[in-house]
Every structure is written in structure tokens, then in C-alpha cells.
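Here are the chains, one letter per residue:
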Amino acid sequence: MKRIIAMLTIGLSMTACVSEDINTDPNTAYTTVPGSLINYAQKELSDYVNTPSVNENNFRLTMQYWQETIYVNESNYDFTNRNVSNTIFVDNYVNVLNNLGKARALILAYTPTTAEAPTWDVNKKNQLAIIDITEVYTYQMLVDTFGNIPYTQAANLSAYPLPKYDDAATIYQDLIARINADIANLDVSGTGYATFSAGDKIYAGNIAKWKVFANSLKLKLGIAIADANPALAQTTAQAAIAAGVMASPADNAQFQYLAPSPNYNPLYENLRASGRNDFIAGKTLVDFMNTKSDPRISKYYTPLADGTYVGQVIGQGGAFNSFSHIGAFAYTATTPGVILNYTEVAFYIAEANARWNTAAAATSYNTAVTASILEWGGTALQATTYLAANPFDLTNWKKSIGEQAWVALFNQGMTSWNFYRRLDFPVLTAPASAITNAGGKVPVRMAYPVLEQQVNNTNWKAASDAIGGDLLTTKIFWDKF
């Protein structure tokens, strides 16, 4: 049979038809099962979150962890040259949300067998909750990147070929309501039926693990709006912590990559399998870690022949062998792709306590920093030594938490960017060579896709006007200071 690969993207590309042989394609809802769609959506989500591809995800560059060697457009905030925002929309709206929506439709239409019928109501709720939790995660990420986005009319091209944009703050309130409903619907007495659980590569259908993840995501949602809606933030965050968030790396939400192509980690794809030497260490973080004798530096970067760690000035190219390289984890095909992990959650708890429970703030700060050092192969003694030299300062807790979260989230660029924008630490300086549109500042949002201006212009313009301009310098609604 003739094999066809096609993708339709209109405006926001709210849906897609990605098809090969119509009898076997796992992305075609006519013949597939929900587990196949879940598998595909999870991998696409992990690929986007973890890739260092300059065509998709440049947050490691923005946060000055990495620097480019030759082509330095993205280090200087020129994201339009490669239509980066277009790819972000396709990655998330088409590859993730569209497939999750198809999986939901299949579950809703499914008639259980006689053997499945007695437990179907519980299992159906669990499966739908897992899908919705993943959607909540994805929508939060899109709001945090762009501000107002298509939401109520998203992922439904047949009904809304040119979707409107929704208010970002209102979306956040709805995401919190959705995650609360999902948590209530998760029932640990049930399981996903076999094909669904096999497709879930994050927790393999373990409902207890998904409930912990959902509470942790709820905490993330609450902390994000702490300066924009303090009352809702506090009740949301504290309720999540009380209900049970990630308590160890065993709770991590991550996607396990495999050694064979094309299933290896996107870091490996871009740094090793590509045969290119495009990235070196960024001077900003290297200097910070050198100054503090940080034990994680040998995991983040490789030393030069003389044993020193050297990063290149942000925005400037440099010879690959003249600077430290990215650590071995990025050159390992099977390095897991982090979706949300214990270290990140520990920093949210530290921030929640610094804001609303100051008596516990120092202890939770120590826990978060220790979690990061252990995550990267350090020891408890190294963590104790490091904390003695870098103690928590309640009088300037945003600096303490902001700087340490920046270091800890080295391999979670967008999450680090969120901490930076919310807490205003670390203090980062834009390169002098940055594009004019950056206004001499590190970007605080991504501009909407160029394709939106061309195809969905009326809604794009309304959204741009509503947020104060489609600019790299326009703050997301929760970025108040």
C-alpha cells in the first residue's frame, strides 16, 4: 500500500492528520487504541521539554547555561529566524494535545467487554484523568511561554479553524479547577486496562503515582501565580502539599529513552548523533559555580585539559575545544527526559514556605538544594558543606531560592526560566549583541508564531493587544515584579 506522511497545520495547527499506512498507523484514531496515542503524546511532550534543538527549545541558552559555538542567533534572542514559535505550537498543539484529544474520544466511545464491564467506570475515570493531567501540564507550559493562548477553541480544527485566544489568568484558574477534578477522579482501586497502561511510559498506569504527580502539578500551578493571585495561590499550593507531592526521586515524572534510533534522548540526538559540535558551556553559570566550589560542576560540564571549567561569554561564538563541554549525561542516549521531578517540587515547597510558612523555610531550602546535589551524584556531606557556605537568607529569600533553583534546574531550562521571571533572580544580563527587539533585556516571553500573524491575524492581533504587545519584553500575567 502506498505510504503517505502528511501534516496539516492551519494557523495554530490545532489538530493534525499524521498518517502512514492507514491500517497500522498508531496516530490514526480509526484503527489505533488509546495507549498508542498516549505513548506518542508523552514522547512528543518529553522531546519538546528536553530537546536543545535551536528550532524548538532555546531555554538553556536563555538561562545562560549553554552557549552556541558558531551560529549564535538564538543566544542573541533571534528566534524568528528559525520560526521557533511555530515549532513550539506544532509540538504542543498538534503532537501532544491533538493526540491526547483523540485518545479521550476513543475512551469515551469504547464499549467494554463482559470481563471489563465491572471495573470499567473506575478505569475509565482513571484513564480520562491521566489524559487531562497531561493536558493541564501542556497548557500551563504554553501559557507560561506566550501569555494568552488558544484554549477553549484549541485542538479542534474542524470546529475552530481560526481559534480565538483566551485570557491567560482565566486559563490558569480553569487549569487549577481541572487538576482538582482529576485528583478527585483518580481511584487507586482501579487500573488502566492493559493497552492503556502499556502506552503510559511515565508511570505505566500506576494510579497512585499519577495522583502524586497531579498534586505536584497543582503545587506548580499555585506557586506560579503567587504574585498575581496570592489567595488562590496559597490555598492551591498548601492543599497540594498537604495531599502529598513528590517526596523522593522515585516519584519523578520522566520518560525513559532507549538506545536505538529514533528513540534516544533528544540531547543525545543533537549533541552526539548529529555529529555536530554546536554547544559549549555558558560563562555565566560556570563562573557562578566556580566561585562557590559547586560539586555539581563536574556533572554539568567537562573540564579542560588543565582541570579547569571555562565558559564562553553569552552571545559570542567560540571554538569547541577552547571551552568546557556539556556533561556526559547529554551524550548518553538513555538519559531520561524530565517532565517534573522531586528537585523541582522541593524548590516549590521551599518557595511556598518562604511566602507563607517562614518557620519551615530554611529547612525546606536545605532539602531542595540537597535534593539537587544528590540528583547529580553528589553526597550528603557535599550538600552539607555547600549549604554551610550558601545558607538560606529569609530577608532576601527570593535571591536564595532564585539562585539555587537556577543552578539546580540546569537541565530543565523552561522551569528555570519560570523561577527567574517570578523571583527576579539570578540577575542575568543580556549580551550586548542581542537583537534590538529584546530591548537590552533577557526575554520574558516568546513572541507568537509568525504563522499566526499570517493566517489567524484577527485573533493574533486581539491577543497581542490584550497582553500589551507581542514582544519578548511583554511580561506574562503572573510576572508582576
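What you see is a predicted model; the values in this text were computed from it and never measured.

A. Molecular detail of the pattern of salt bridges. Taken as a whole and assessed by the stated rule, the structure comprises 17 salt bridges. With a shortest N-O distance of 2.7 Å, Asp278 and Arg276 are connected by a salt bridge. For Arg276, a relative accessible area of 40% gives the class partly exposed. Through salt bridges with shared partners, a single ionic network connects Arg104, Asp132, Glu135 and Arg178.

B. Structural context of the nonpolar core. Counting residues in each nonpolar core, the largest one holds 137 residues, and the members touching the most others are Phe213, Tyr301 and Ile401. For this core, the element with the most residues is helix H4 (residues 117-146), which contributes 13 residues.

C. Expanded view of unusual backbone geometry. Here the amide bond leading from Ser261 into Pro262 is cis, since omega sits at 5°, within 30 degrees of zero. In the segment running from Phe425 into Pro426, the intervening peptide bond is cis, with an omega of 5°. In the Ramachandran plot, Gln64 falls in the positive-phi region, its phi being about 65° despite a non-glycine side chain. In this structure, Gln64 sits in the loop between helix H2 (59-62) and strand E1 (66-68). Residue class for Gln64 comes out buried when judged on its relative accessible area of 2%. Phi is positive for Ala155, which is not a glycine, with a value near 55°. Along the chain, Ala155 turns up in the loop between H4 and helix H5 (168-185).

D. How the structure looks around the side chain of Asn252. Topologically, Asn252 is positioned in the loop between helix H8 (230-243) and strand E2 (253-255). With residues near it in sequence (within four places) discarded, Asn252 still touches Tyr203, Met246, Leu340, Asn341 and Tyr342.

E. Geometry of the packing of aromatic side chains. One pass over the structure, following the stated rule, counts 30 aromatic pairs. With 6.0 Å between their ring centres and 15° between their planes, Phe146 and Tyr448 make a pair best called stacked. With Phe146 in helix H4 and Tyr448 in the loop between helix H16 (413-423) and helix H17 (450-455), this pair connects stretches of sequence that are 302 residues apart. With a relative accessible area of 3%, Tyr448 lands in the buried category. Between the aromatic rings of Tyr165 and Tyr448, the centroid separation amounts to 5.1 Å while the plane-to-plane angle is 75°, which identifies the pairing as edge-to-face. Taken together, the residues span a long stretch of sequence, with Tyr165 in the loop between H4 and H5 and Tyr448 in the loop between H16 and H17 at a distance of 283 residues. This pair shows no difference in class: Tyr165 is buried, exactly as Tyr448 is. Three or more aromatic residues joined by ring pairs form one cluster here, namely Tyr65, Phe288, Tyr300, Tyr301, Phe329, Trp376, Trp406 and Phe410. Geometry around Trp417 places Arg421 over its ring, the cationic atom sitting 3.5 Å from the centre.

F. Region of interest: H8. With 14 residues, H8 extends 20 Å from end C-alpha to end C-alpha; this agrees with the ideal 20 Å at 1.5 Å per step. Those residues of H8 that sit buried are Ala233, Thr236, Ala237 and Ala240. The arc that holds every buried residue of H8, seen down its axis, measures 90°, which confines them to one face. Exposed side chains of H8 directed beyond 90 degrees from the buried face belong to Ala231, Thr235, Ala242 and Ala243. Where the residues of H8 are buried, they touch H5, helix H7 (207-224) and helix H12 (342-356). Gly244 occupies a position one or two residues after H8 and carries a positive phi of about 115°.

G. Molecular detail of the packing of helix H15 (residues 397-408) against H16. Their axes nearest at 9 Å, the elements H15 and H16 cross at an angle of 165°. Relative to H16, the element H15 lies roughly antiparallel. The interaxial crossing formed by H15 with H16 has left-handed handedness. Between H15 and H16, the contacting residues are Trp397, Lys398, Ile401, Gly402, Ala405 and Trp406 on the first element and Ser416, Phe419, Arg422 and Leu423 on the second.

Each value, and the rule that gives it
Residues numbered from 1 in each chain as written. Predicted model: local features only at pLDDT ≥ 70, side-chain atom pairs only at ≥ 80, totals over all residues. Heavy atoms only, no water. Salt bridge = Lys/Arg side-chain N within 4 Å of Asp/Glu carboxyl O. Buried < 20%, exposed > 50% of the residue type's maximum accessible area, 1.4 Å probe, protein only. Core = buried A, V, L, I, M, F, W, Y, C linked by side-chain atoms within 4.5 Å. Helix = DSSP H or I, 4+ residues; strand = E, 2+ residues; numbered from the N terminus. Contact = heavy atoms within 4.5 Å. Phe/Tyr/Trp six-rings, centres within 6.5 Å; stacked < 30°, edge-to-face > 60°. Lys NZ or Arg CZ within 6 Å of the ring centre and 35° of its normal. Expected span 1.5 Å × (residues − 1). Arc of directions from axis to C-beta. Axes fitted to C-alpha atoms, helices over the stretch in contact; angles between N-to-C directions. Parallel < 35°, antiparallel > 145°, perpendicular 65-115°, else oblique. Left-handed = near helix turned anticlockwise from the far one by under 90°.

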